[in-house]
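So you can see what is in the structure, the chains are spelled out below.
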Amino acid sequence: MNLRTLTQGALRLLHASNWPHLLLLAALPAAAWALRGWPHEQTLALVGLAALAWLMLAERLWPLSPDWQARRPELARDAAFLGLNAVVDSLSAFLLTALVLRWAPGQADSPGALATLPAVVALPLAIAIGELGPFALHRWAHRREGLWRFHALHHQPAKLNAANAVLAHPLNAAWNQAARLLPWLLLGFSAEVMLWAALFMQVQGLAVHANLRGSLGPLNCLIGSAELHRWHHSVVEAEAHNYGTAIPLWDQLFGSFVYRPGRAPARLGLFASTAPQTWLPACCRG
Ligand SMILES: [Zn+2]
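Summary of the structure given here. (Residues numbered from 1 in each chain as written. Predicted model: local features only at pLDDT ≥ 70, side-chain atom pairs only at ≥ 80, totals over all residues. Heavy atoms only, no water.)

### Here we look at the layout of surface pockets
Of the volumes computed, that of the second largest pocket is approximately 330 Å³. Taken together, 17 residues line the second largest pocket, and the ones lying closest to its centre are Ile-127, Phe-200, Leu-222, Ile-223 and Ile-247. Top element by residues in the lining of the second largest pocket is helix H6 (residues 119-141). It accounts for 4 residues. Across the lining of the second largest pocket, the residue classes tally to 16 nonpolar, 1 polar and no charged. (1 Å grid on protein atoms, 1.4 Å probe; cavity = no way out; pocket = protein on both sides within 12 Å on 5 of 7 lines; lining within 4 Å. Points joined across faces, edges and corners; volume = space filled by probe spheres on them. Helix = DSSP H or I, 4+ residues; strand = E, 2+ residues; numbered from the N terminus. Nonpolar A, V, L, I, M, F, W, Y, C, P; charged D, E, K, R; others polar.)

Okay, structure coming up:
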């Protein structure tokens, strides 16, 4: 095999892959290292905004569907929800930490039960545990009218892009934050492991909504992707599975994993069986 064949093969592989998502994940350790010593909340905010900016740029260069590009009123809507839910996330984290310290004051002055685990074990464990609560609540929200009324907002747009990943009812954002953070605090993961797991999950939450073409190939069985998550936003309720975001582990274990390489749902948005929602004015539904 000569150099030209190798180069052509590599270019074909690159063309078929969702390289902006892969590049973002590859850059994550470097970003976290560069921001070491910063307060964790600021690291999360900066990395989240940088990831969003990168994905929005990549969507201009490498879109799956030109029709899914965010229009100006939708961007204004998404910016408002980004700010609102950032406040909700911070407040929820503050309240949960205060509650855990009140119930288990030993957490404040002694290392947690899992704080001494090597990072190579603790990080995947924290990600898997951090996904379980939001996964279970997400599945529940699709089955219970009371929760669906809040979650439906996230399904309202008939398109997917990185900006509308943040479109979620504040109560939905709060229950996700609580379901992720509470087990971490109670199990006593180290602050660094919680930060790394939160960074990965935050970046994944944006990337799986991105309007990017290409595939992650076999990695779809290990981490969440836009290919997988598009099925979750299908208007056909029977195929709208894949409730996990960062990783597909719990979908695989609980039988809701949908992976159809090379295929995508015909239409995105609210299920046909769902009564019209009036959360947003028509101009912002997208
Ligand atoms: Zn959903």
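### A closer look at H6
Across its 23 residues, H6 extends 33 Å between first and last C-alpha, which sits within 8% of the 33 Å expected from 1.5 Å per residue. The set of residues buried in H6 consists of Ala-122, Ala-126, Ile-127, Ala-128, Gly-130, Glu-131, Pro-134, Phe-135, His-138 and Ala-141. Residues of H6 that are buried sit in contact with helix H7 (145-155), helix H8 (170-187), helix H9 (191-207), helix H10 (226-232) and helix H11 (249-254). (Expected span 1.5 Å × (residues − 1). Buried < 20%, exposed > 50% of the residue type's maximum accessible area, 1.4 Å probe, protein only. Contact = heavy atoms within 4.5 Å.)

### As for the coordination of the zinc ion
Note on metal geometry: ideal angles are 109.5 degrees for four donors arranged tetrahedrally and 90 or 180 degrees for six donors arranged octahedrally. The protein atoms that coordinate the zinc ion are His-138 (NE2), His-142 (NE2), His-151 (NE2), His-155 (NE2) and His-232 (NE2), at distances of 2.1 Å. All donors of the zinc ion belong to a single chain; written as a sequence motif, their spacing is H-x3-H-x8-H-x3-H-x76-H. With His-142 in the loop between H6 and H7 and His-155 in helix H7, the pair connects residues that are 13 residues apart, well separated along the chain. You'll find His-142 and His-155 in the same group, each marked buried. (Donors = N, O, S within 2.8 Å, 3.2 Å for Na, K, Ca; no water.)

### Thoughts on the packing of helix H3 (residues 40-61) against H9
Running from amino to carboxyl end, H3 crosses H9 at an angle of 25°, the nearest separation of the two axes being 10 Å. The orientation of H3 relative to H9 falls into the category roughly parallel. Read as a crossing pair, H3 and H9 show a hand that is right-handed. Residues His-40, Thr-43, Leu-44, Val-47, Gly-48, Ala-51, Leu-52 and Leu-55 of H3 touch H9, and the partners they reach there are Ala-191, Glu-192, Leu-195, Ala-198, Leu-199, Gln-202, Val-203, Leu-206 and Ala-207. Looking at side-chain class alone, the contact of H3 with H9 contains 12 nonpolar, 4 polar and 1 charged residues. (Axes fitted to C-alpha atoms, helices over the stretch in contact; angles between N-to-C directions. Parallel < 35°, antiparallel > 145°, perpendicular 65-115°, else oblique. Left-handed = near helix turned anticlockwise from the far one by under 90°.)

### Describing the packing of aromatic side chains
The geometry of an aromatic ring pair is captured by the separation of the ring centres together with the interplanar angle, meaning the angle of the planes. Inspection of every chain in the model, using the stated rule, returns 6 aromatic pairs. The residue whose ring lies beneath Arg-36 is Trp-33, and the NZ or CZ to ring-centre distance is 3.9 Å. Directly above the aromatic system of Trp-62 lies the positively charged group of Arg-213, at a separation of 4.2 Å from the ring centroid. (Phe/Tyr/Trp six-rings, centres within 6.5 Å; stacked < 30°, edge-to-face > 60°. Lys NZ or Arg CZ within 6 Å of the ring centre and 35° of its normal.)

Taken by themselves, the reported measurements are silent on function.
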